Amino acid sequence: MEIYTLSYDLAIKIHQMSLKLPKYETYEEGSQIRKSSKGITSCIVEGYGRKKYKADFIKFLVYAHASCDETILDLNFINDTHELDKREIKNYLDAYNELGSKINSFIKYVENKWK
């Protein structure tokens, strides 16, 4: 699934970016954004594992979308409080907004067309 691939690739990039944060943020904001970004992929996988049960599948896709929104919030906090490359953060924000849109579209597909 495209949303799985996108979320996985972004989670790896976010993990690497979070290690550039100041040492005191490694276990604060760094840990939080690593968890939220990896949570997207985890929820997609768990939902897909329950795809036989449409309501469960949708529930975990909604959780994935919520984790995507949380990651966007974390990126905004990092952007506003740290001196990291602003273009890099903007690219991540754009990518997560696109991913959120794709997850939302996939939720609608599952709701309306999943067997």
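Computed from a predicted structure; not experimentally measured.

1. Structural notes on a nonpolar patch on the surface
Here is step 1 of the chain: On the surface, Met1, Tyr4, Tyr8, Ile12, Val45 and Tyr48 cluster together into a nonpolar patch covering about 530 Å² of accessible area.
Here is step 2 of the chain: Only helix H1 (2-18) and helix H2 (29-49) provide two or more residues apiece to the nonpolar patch.
Here is step 3 of the chain: If you trace the backbone, valine 45 turns up in helix H2.
Here is step 4 of the chain: Given the relative accessible area of 46%, valine 45 is considered partly exposed.

2. Here we look at the side chain of serine 18
Here is step 1 of the chain: Positionally, serine 18 belongs in helix H1.
Here is step 2 of the chain: By relative accessible area, serine 18 is classed as buried at 0%.
Here is step 3 of the chain: One polar contact links the side chain of serine 18 to the main-chain carbonyl oxygen of histidine 15, over a distance of 2.7 Å.
Here is step 4 of the chain: Serine 18 has contacts with Gly30, Ile33 and Arg34, leaving out every residue within four places of it along the chain.

3. Re the state of the cysteines
Here is step 1 of the chain: On inspection of all chains with the given rule, the structure shows 0 disulfides.
Here is step 2 of the chain: Of the cysteine sulfurs around cysteine 43, a residue in no disulfide, the closest is that of cysteine 68, at 11 Å.

4. Structural notes on the environment of threonine 71
Here is step 1 of the chain: Relative to the assigned elements, threonine 71 resides in helix H3 (residues 54-81).
Here is step 2 of the chain: The buried category is assigned to threonine 71, whose relative accessible area is 0%.

5. Section: the pattern of salt bridges
Here is step 1 of the chain: Taken as a whole and assessed by the stated rule, the structure comprises 8 salt bridges.
Here is step 2 of the chain: Among the ionic pairs, glutamate 88 bridges to lysine 20, the shortest N-O distance being 3.5 Å. With glutamate 88 in helix H4 (residues 86-113) and lysine 20 in the loop between H1 and H2, the pair connects residues that are 68 residues apart, well separated along the chain.
Here is step 3 of the chain: Among the residues examined, glutamate 88 registers a relative accessible area of 17% and is labelled buried.
Here is step 4 of the chain: Here aspartate 85 and arginine 87 are joined by a salt bridge, their closest N and O atoms 3.8 Å apart.
Here is step 5 of the chain: With a relative accessible area of 37%, aspartate 85 lands in the partly exposed category.
Here is step 6 of the chain: One continuous salt-bridge network, built from bridges that share partners, spans Glu46, Arg50, Asp56 and Lys59.

Scoring rules and cut-offs
Residues numbered from 1 in each chain as written. Predicted model: local features only at pLDDT ≥ 70, side-chain atom pairs only at ≥ 80, totals over all residues. Heavy atoms only, no water. Patch = residues over 30% accessible without salt bridge, like charges linked within 9 Å, V, L, I, M, F, W, Y side chains within 5 Å. Areas by Shrake-Rupley, 256 points an atom, 1.4 Å probe, with all protein chains shown as cover. Salt bridge = Lys/Arg side-chain N within 4 Å of Asp/Glu carboxyl O. Helix = DSSP H or I, 4+ residues; strand = E, 2+ residues; numbered from the N terminus. Buried < 20%, exposed > 50% of the residue type's maximum accessible area, 1.4 Å probe, protein only. Polar contact = N/O pair within 3.5 Å; in protein donor to acceptor, adjacent residues only side chain to side chain. Contact = heavy atoms within 4.5 Å. Disulfide = S-S within 2.5 Å.

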